[in-house]
2 protein chains.
Amino acid sequence: MAEQKEFDQAHLTLQEVTEAIDNGRFVHVRRQLQDMEPEDIAHLLEASPRRSRDVLWQLTDPEDYGEILDELSEDVKDSLVSKMAPQDLAEATEGMETDDVAYVLRSLPDSVSKQVLEQMDLEDRLRVETALSYPEDSAGGLMNTDVITIRADVDVDVVLRYLRIKGEVPTNTDAIYVVDSESRLIGELPFTTLLTTQPDVQVSEVMEDADDAILVTTSDNEVASLFERRNWLSAPVIDENQQLVGRITIDDVVDVIREDAEHSMMSMAGMDDDEDTFAPVVKSARKRSIWLGANVLAALAAASVSNLFEATLSQMAAIAVLMTIVPSMGGVAGNQTVALVIRGLALGHIGDANKRELLLKEAAVGLLNGITWALIIGGIVVLWKGNWLLGGIISAAMLTNLLVAGIAGVTIPIMLKKMKIDPALAGGMALTTVTDVIGLSVFLGLATLLIR
Amino acid sequence: MAEQKEFDQAHLTLQEVTEAIDNGRFVHVRRQLQDMEPEDIAHLLEASPRRSRDVLWQLTDPEDYGEILDELSEDVKDSLVSKMAPQDLAEATEGMETDDVAYVLRSLPDSVSKQVLEQMDLEDRLRVETALSYPEDSAGGLMNTDVITIRADVDVDVVLRYLRIKGEVPTNTDAIYVVDSESRLIGELPFTTLLTTQPDVQVSEVMEDADDAILVTTSDNEVASLFERRNWLSAPVIDENQQLVGRITIDDVVDVIREDAEHSMMSMAGMDDDEDTFAPVVKSARKRSIWLGANVLAALAAASVSNLFEATLSQMAAIAVLMTIVPSMGGVAGNQTVALVIRGLALGHIGDANKRELLLKEAAVGLLNGITWALIIGGIVVLWKGNWLLGGIISAAMLTNLLVAGIAGVTIPIMLKKMKIDPALAGGMALTTVTDVIGLSVFLGLATLLIR
């Protein structure tokens, strides 16, 4: 209940804060920000246009900087961090988890991140440097290095007393790890086991196999897939010598899952998934121009096809009027298949063993929808233009193009993936180029053969 | 390390299993399935074409049915469950978590789910019926009802002994809840606190405020957003009287986050996000036809615009050849904006307070890219067709259309959301219709005015 109210409040403040900033009531804003959770300030910053974002950041308590930066998306974080002095940044990183500090430092120029590291205390610095030594998109880049370890030959009671003396445990800890004398992981003791076991039992008797250990070099997508499939809350991370090097908790994985899914959606529209909603105009325009440039080639390919049939077009304008329908339907149908295949590839449901089956199925769907829409569009054209031949031609082109769309919709993303090109990014445009070219060629070609 | 091997194995078996089924080696497959984790069998079923899927299901140990069903996506689950007898289903639900049983039962016809409920033991049945009484897409539909509760006036030591006597706790429990004599939630005791507190301390002294309590009627998307922003692992669920009714754990929320993000991606291509990769052909074709039907209207709208300019088209075929370029670029640019806005709306970053700002920014991006591509395309057309006037006309149309695309890309999704229409589903097509109609009208209109 309390939470509900808080949540609504956080939504309200965007409007309030904007108005207050516009009216120069900075003290009021600063007071409001002090009452807010860092997560909500992060949300507010994401939703703020750039000029109020910078003002908001100035008015925020620097003690909250670390936690806020941790919640921000890449582009927004970069835009704020790039204006901060190294020692302010070093202060902000205090109290942040190792993996999150590394995440912030990675986006800085090397010289700045080195300065920030120099300002940190030695223990923190070593931890962060360890995290930085692994690739960002690997288990090593996701993990925290603050783990609690015990030996297998102690009693549960000893563990309990040890934890009470420690007084606190790292955030989101739900298990402690059992290691041998050489730091090799040999088991784990979930808190649930620890709490339901009699104090005089030895750890070795109740510990679980550490068969969920993740190798430090595993890619972040594979880590996310493991967490999702096994419903884990946390997992230990080991190096190639079986030595425990850290732990990954599900809150870090949730970010990977979210980014992964967003990546597909944004890429399919030709957008960078890091793009800040309120990015500077010139930066946005430049980033998006790459994709528009690719589309110019696609559009020119289609225009070149029509150009081949210029004589037909000049003879009968109705053909020019109708010629956009077939490519349009092919593009839409093909992109339905592309979306299905991209999701299947991302989830690992599509591979060599079943791609033939999928191709046959999508070709059949294309054929069936091709027949349906060939009849409907053919009928409409006959009624509209009163020309049976033209109706027949558009029907034949429609049928062909929807069949091609089904086949290309399966083969293009799979081929792109084999060529190590992101199918979510390039799949839709490659497909549309194919359906445009085939659709126009068949329609205009048949018209040239049969009508001229 | 062990995990890594297991993961690869699960990937291998799709090929192996398919071959073994094709060769009728059923005993071999059954033995292989026995060695696999239920999650991996679920993954295999998702990736299997329909005929091998049914065989695989027959060969799976019925004891694993519950856990497997729990991991499957909606359409795949439905296709398997619809062929099972009610008492087999009731058996399968044993050992599943309440929310997961409810999830399976919801997809069944009422008569069948009633039969399944009758086969369950009374306690389980009451729990599932409670879960079924809440909407599927609410906190009530996500929660588990098996929670551990204690009173505030007992010592930590008493809690520890109580847990040891219980001997086990529900899956993914990381906290116990403190309630008063009328079951109202007054606080919570995370396991981490329980483990780091001296045994003689009273619960009331160390318990945390239950300010993360979620109202049972909260929508699942809002629950997901709270978990993501606050980095929670679990949260208590209360009813309007503050009484504790259950708890939500992050593994259920991860599914919501994944489905949510997939929904946007699939909807934008006009696909149902539940669609099984290997759905029956007729079912797929019928589902996708709705979207193709909508596109027929969009394509006919564009053709009607060209039809207005039939006289111009018959006079100069080069115009027909070039007329597809402007709508194509407008559609791509507009859909970039639509993707950005859909993501922003989904994350709650876009609202009344900042939509004007966003509109101005996207219009500016459209204008800037409009100028760039007007110059480039205009240049290409002058070189290609040797006609300065035609180059000027296409430049003017391109500039107008990219500006319109930026404005429509912001306003259409926001308007659709206000009208309670899913912007991810309808946004792209509505945008394309606008950019097609405006692009063609301006290009053909100018050509008619200036060239004829």
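None of these values were measured; they are calculated from a predicted model. (Residues numbered from 1 in each chain as written. Chains lettered and ligands numbered in written order. Predicted model: local features only at pLDDT ≥ 70, side-chain atom pairs only at ≥ 80, totals over all residues. Heavy atoms only, no water.)

**Section: the side chain of A:S264**
Turning to its location among the elements, A:S264 is positioned in helix α16 (residues 250-268). Accessibility expressed as a relative area gives 10% for A:S264, which makes it buried. Those residues in contact with A:S264 that lie beyond four places of it in its chain are A:I342, A:A424 and B:M265. (Helix = DSSP H or I, 4+ residues; strand = E, 2+ residues; numbered from the N terminus. Buried < 20%, exposed > 50% of the residue type's maximum accessible area, 1.4 Å probe, protein only. Contact = heavy atoms within 4.5 Å.)

**A word on the interface of chain B and chain A**
Think of interface size as the accessible area that goes away when the parts come together; that is how it is often given. In this complex, chain B contributes 134 residues to the contact, which on the side of chain A involves 135 residues. Here chain B packs against chain A, burying approximately 12600 Å² in sum over the two surfaces, 62% of which is carbon and sulfur. The largest contributions to the chain B side of the interface with chain A come from B:R164, B:L195 and B:R229, which together make up 7% of the buried area. Here A:E362 and B:R288 are joined by a salt bridge, their closest N and O atoms 2.7 Å apart. Top element by residues in the side of chain B that touches chain A is helix α17 (residues 281-308) of chain B. It accounts for 17 residues. Considering only residue class, the side of chain B that touches chain A consists of 66 nonpolar, 36 polar and 32 charged. (Buried area = accessible area lost by both parts, 1.4 Å probe. Salt bridge = Lys/Arg side-chain N within 4 Å of Asp/Glu carboxyl O. Nonpolar A, V, L, I, M, F, W, Y, C, P; charged D, E, K, R; others polar.)

**Quick look at the relation of the copies chain B and chain A**
Its rotation angle being 180°, the transformation that places chain B on chain A also includes 0.0 Å of axial translation and leaves an RMSD of 0.1 Å. Here the symmetry operator amounts to a two-fold rotation axis. Across chain B, the rotation axis passes nearest the C-alpha of B:M265, at a separation of 2.3 Å. (Least-squares fit on C-alpha atoms with pLDDT ≥ 70 in both.)

**Some thoughts on helix α12 (residues 156-166) of chain B**
All names here are of chain B. Regarding α12, the residues found buried are V156, V159, L160, L163 and R164. Taken around the axis of α12, the buried residues stretch over an arc of 135°, which confines them to a single face. The positive-phi residue at the C-terminal boundary of α12 is G167, with phi of around 85°. (Arc of directions from axis to C-beta.)

**Topic: the sheet that holds strand β3 (residues 185-190) of chain B**
One key point about sheets: their strands pair by backbone hydrogen bonds, in either a parallel or an antiparallel sense. Residue and element names in this part refer to chain B. Ordered in space as β1-β2-β3, the three strands form an open sheet in which the pairing is mixed. Both edges of this open sheet fall to β1 (149-150) and β3, since each of them pairs with a single strand only. Two elements, β1 and strand β2 (residues 175-179), share two bridges in a ladder whose sense is parallel. Across the sheet, residue T149 finds its bridge partner in β2, namely Y177. (Pairing = 2+ DSSP bridges.)

**Quick look at the UniProt feature "transmembrane region" (unreviewed entry) in chain A**
All names here are of chain A. Using the residue numbers shown here, the UniProt feature "transmembrane region" (unreviewed entry) corresponds to residues 290-309, 315-342, 363-384, 390-416 and 428-451. End-to-end, the C-alpha atoms of residues 290-309 are 30 Å apart, and along that stretch the chain is 95% helix and 0% strand. Regarding residues 363-384, the helix share stands at 100% and the strand share at 0%, and the terminal C-alpha atoms are separated by 30 Å. (UniProt positions renumbered as here; feature names shortened; annotations may be inferred.)

**Focus: the UniProt feature "domain: CBS" (unreviewed entry) in chain A**
All names here are of chain A. Under the UniProt annotation, "domain: CBS" (unreviewed entry) lies at residues 143-205 and 207-265. With 32% helix and 21% strand, residues 143-205 has its two end C-alpha atoms placed 28 Å apart. The span residues 207-265 is 46% helical and 22% strand by assignment, and the distance between its end C-alpha atoms comes to 42 Å.

**Side note on the pairing of strand β5 (residues 234-238) of chain A**
Residue and element names in this part refer to chain A. Among the five residues in β5, five count as buried, and that is most of the element. Side chains of β5 alternate between two faces, with S234, P236 and I238 and A235 and V237 buried alike. Where strand β4 (residues 214-215) and β5 come together, two bridges link them in parallel fashion. Pairing of L215 across the sheet is with I238, part of β5. Taken together, the five bridges between β5 and strand β6 (residues 244-249) define a ladder with antiparallel strand orientation. Counterpart to V237 in the pairing with β6 is G246. What sits between β5 and β6 in their antiparallel hairpin is a turn of five residues, with Q242 showing a positive phi close to 70°.

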